[in-house]
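Understanding the architecture of this molecule
Here is how the chains run, residue by residue.
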Amino acid sequence: MKINKLNSIIILGLIAIISILVAQLLWTKEAFTIEQKKLSQKAHIALLEVAKKLYEGTNHELPAQNPVQKIANDYYIVNIDNEFEPEILEFYLKTEFKKMNITTDFEYAMYNCQSDEMIYGDYISLSKKKAECKKSVYFPKHKNLVYYFAVRFPNETTYLFSSMRFWFVLSTALILILLIYVYSIFKLLQQKKYSELQRDFINNMTHEFKTPLSSILIASKYLIEQNPIKEDKKLHTYTDIIIKQSNKLNSHIEKILSIAKSDYTPLELKKENVIVFPIIEEAITNIQLKYPEAVIKIETNSDTYQIETDPFHFANLIYNLLDNAVKYCNKQPEITVRIREENSCLKLEFIDNGIGINPKKISFIFDKFYRIQNEKSNEVNGFGLGLFYVKEICGLQNWKIKAENNSENGITITLSIPYKK
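First, a word on scope: everything that follows refers to the structure included in this document. Please read these numbers as outputs of a predicted model, since none were measured by experiment.

1. Topic: the sheet that holds strand S7 (residues 295–300)
Taken together, the five strands give an open sheet; going across it, the order is S7-S9-S10-S12-S11, and neighbouring strands pair in mixed fashion. Sheet topology places S7 and strand S11 (400–405) at the edges, where each strand pairs with a single neighbour. Neighbour-to-neighbour, the strand axes of the sheet open up by a mean angle of 15 degrees, direction not taken into account. Sheet analysis places S7 next to strand S9 (residues 334–342), joined by six bridges and oriented parallel. What sits directly across from Lys 297, in S9, is Thr 336. Contacts from helix H8 (residues 311–327) reach S7, S9, strand S10 (345–351) and strand S12 (411–418), with the element oriented near 30 degrees to S10.

2. A word on the pairing of S11
Note that S11 and S12 share six bridges and pair antiparallel. Residue pairing across strands places Lys 400 opposite Ser 416, the latter belonging to S12. Linking two consecutive strands that pair antiparallel, namely S11 and S12, is a turn of five residues; a positive phi of about 80 degrees is found at Gly 410 within it.

3. Considering the side chain of Glu 90
Note that Glu 90 resides in helix H2 (residues 86–99). Engagement of the side chain of Glu 90 in a polar contact is seen with the side chain of Tyr 108, the distance being 2.7 Å. Beyond its immediate stretch of four places on either side in the chain, Glu 90 contacts Tyr 108, Asp 122 and Ile 124.

4. A closer look at unusual backbone geometry
Only a minority of non-glycine residues have a phi that is not negative, and only a minority of peptide bonds are not trans. For Asn 101, which is not glycine, the phi dihedral falls at a positive 60 degrees. Looking at the element boundaries, Asn 101 is found in the loop between H2 and strand S3 (106–112). Of note in this structure, Ser 344 is not a glycine but carries a positive phi near 60 degrees. By secondary structure assignment, the location of Ser 344 is in the loop between S9 and S10.

5. Here's the deal with a nonpolar patch on the surface
Taken together, the side chains of Ile 175, Leu 176, Leu 179 and Ile 180 present a nonpolar region at the surface, about 380 Å² in accessible area. Mapping Leu 176 onto the fold places it in helix H4 (residues 165–224). Overall, Leu 176 belongs to the partly exposed group, its relative accessible area being 47%.

6. With respect to the nonpolar core
Counting 44 residues, the largest nonpolar core has Ile 307, Leu 317, Ile 318, Leu 322, Leu 346 and Leu 348 as the members making the most contacts within it. Sorting the residues of this core by element identifies helix H7 (276–290), H8, S9, S10, helix H9 (386–396), S11 and S12 as the ones contributing at least two each. At eight residues, H8 tops the list of elements feeding residues into this core. Excluding its chain neighbours within four sequence positions, the residues that come into contact with Ile 307 are Glu 272, Asn 273, Val 274, Val 276, Phe 314, Leu 346, Trp 399, Ile 417 and Tyr 419. The next biggest cluster of nonpolar side chains, apart from the first, holds 30 residues, and it includes Ala 43, Leu 47, Tyr 92 and Phe 97.

7. A closer look at the sheet that holds strand S5 (residues 148–152)
With respect to topology, five strands assemble into an open sheet ordered S1-S2-S5-S3-S4, the strand pairing being antiparallel. Each edge of the open sheet carries a strand with a single partner, namely strand S1 (68–72) and strand S4 (117–124). The average angle at which neighbouring strand axes cross in this sheet is 25 degrees, direction not considered. Pairing between S1 and strand S2 (residues 75–79): four bridges, direction antiparallel.

8. With respect to the packing of aromatic side chains
Overall, the coordinates contain six aromatic pairs when judged by the stated rule. Their ring planes at 85 degrees and their centres at 4.8 Å tell us that Phe 97 and Phe 106 sit as a pair that is edge-to-face. According to the relative accessible area criterion, Phe 97 is buried, its value standing at 2%. Overall, Phe 106 belongs to the buried group, its relative accessible area being 4%. Members of the aromatic cluster, each reached through a chain of ring pairs, are Tyr 76, Phe 97, Phe 106 and Phe 153.

9. With respect to H2
The end-to-end C-alpha separation of H2 is 20 Å, in line with the 20 Å expected for 14 residues at 1.5 Å each. Turning to H2, its buried residues are Leu 89, Glu 90, Tyr 92, Leu 93, Glu 96 and Phe 97. On an axial view of H2, the arc spanned by its buried residues comes to 165 degrees, and they lie on one face. Within H2, the exposed residues directed more than 90 degrees away from the buried face are Glu 87, Phe 91, Lys 98 and Lys 99. The positive-phi residue at the C-terminal boundary of H2 is Asn 101, with phi of around 60 degrees.

10. Notes on the environment of Glu 404
Inspection of the secondary structure assignment puts Glu 404 in strand S11. Considered as a pair, Glu 404 and Ile 357 are 47 residues apart in the sequence and their alpha carbons are 8.4 Å apart. The residues touching Glu 404, leaving out its near neighbours within four places in the chain, are Ile 362, Ile 411 and Thr 412.

Definitions and cut-offs
Residues numbered from 1 in each chain as written. Predicted model: local features only at pLDDT ≥ 70, side-chain atom pairs only at ≥ 80, totals over all residues. Heavy atoms only, no water. Pairing = 2+ DSSP bridges. Helix = DSSP H or I, 4+ residues; strand = E, 2+ residues; numbered from the N terminus. Axes fitted to C-alpha atoms, helices over the stretch in contact; angles between N-to-C directions. Contact = heavy atoms within 4.5 Å. Polar contact = N/O pair within 3.5 Å; in protein donor to acceptor, adjacent residues only side chain to side chain. Patch = residues over 30% accessible without salt bridge, like charges linked within 9 Å, V, L, I, M, F, W, Y side chains within 5 Å. Areas by Shrake-Rupley, 256 points an atom, 1.4 Å probe, with all protein chains shown as cover. Salt bridge = Lys/Arg side-chain N within 4 Å of Asp/Glu carboxyl O. Buried < 20%, exposed > 50% of the residue type's maximum accessible area, 1.4 Å probe, protein only. Core = buried A, V, L, I, M, F, W, Y, C linked by side-chain atoms within 4.5 Å. Phe/Tyr/Trp six-rings, centres within 6.5 Å; stacked < 30°, edge-to-face > 60°. Expected span 1.5 Å × (residues − 1). Arc of directions from axis to C-beta.

What follows is the structure, given as C-alpha cells:
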C-alpha cells in the first residue's frame, strides 16, 4: 500500500468517526431538550390538577387564566386564590406527580400572609430518608400573589440524565471506538516504521553477506586449481568442502532473505520422497566439521523412514537445529537426534545439553529476528532468522514444531511430521 493511500484512508476514517461522534452528541443534546420539555409538560399538568383539587369543596372557582407559571426549568409557582392547608397540598402533590410518573425528588413552599414571606414546606424524596435530605435555602416571594405555593425539582438534571442512559451508553461506545481506532492507527504507523527499519536491515545484511561470500568463492575456486592443492588429496578435499558449503550458504542466504523480505510470498517447495536418516547423517557430518568437539548421536528403530519434502530445505532445517544446539552450550555439546513413530506421526527430537531457555521466552524463539539475551548472546553471531526459517519450512508442509526445556539442562525441539507407511 502506498503511503499517500494509507494516509488518505487514515484521515477519511478519522473524519468519518469524528463526524458520527459529533452527530451523536448533537442528537444527545436534542434528546435532553426533548426530555426537559416532557418533564415540564408533565409537571404543568400535575400542578394544574393540584390547583383544581384545592378549589374543590370551596365557593371559589378556578380562574380562567392558567394558575401555573414556570419561573425556571426546575421552579414553578401556582396561584390559588383561596386558603389551603400544607398537609393537603403535600398529599395532592405526591398523588398527581405519581400519576404523571414524575419520580424525581421535589420540595415545596407556600406564601404566608401574616409574615409576608415564603414558608418552607418540605422536601419529598422517593429514595432517601427525610433526615438525609437537604433543605432548600431560598424560595423567592412573588409580587401580586397572595395565596400561592412554589415547587422546585432540585435533582432535575440528574433525573433527566438517568432517563437518557441509552444515549449516553451509545455516545460512550462511539468514544471508545474512536479511541480504539486512534490506538490502532498509532500501532499501524509504528509497525510501518518497524517494517521500514527491517527492510533497511535486510538490504544492508544482504550486502554484508554477499560481498565476503563472493570473495571466498572466487578465492576458493582459484585455490582448488593450483597444483599443490591438486597434488595434496587432503587439501583438495577441504578446499572442495569450502566451495560446496559456500555455494550452499549462498543459496541458503537467498532463501532466508526471500522469506524475511516478504510475509506474503512463501517459498516454493520441490517435494519428493526422501529417506530421513542419510540427510540427518550428512548434516551431522557438516556440523562436526565446524565443531569437532560436538558429540552427536542418532537413536532410531529404523533407518528407512521416508517422508515427502524438499530435500534442500529439509537438510537446511536439520542443520539449523543442530547448529543452534551446539552454539548455545557452555560445555562439550552432546546432542541426541531421536527418530520414532508415534500416532501416525514421525517424531524427530533434537535433545541437547545446552543452557536452556527462560520458560517465559521459549514461545518467542521462532519469531523473526528474535534473539534471547543470555550468557551466550555476545559470543554467538546471528540475526534471529535460523529458527524462523525452520518454523516457516514446517508451516509450509503442515508440520508441527515445539520447543521445551529438559528436566535437567538444555532443550528438546520436536518435529511432528504426518507419516504413512
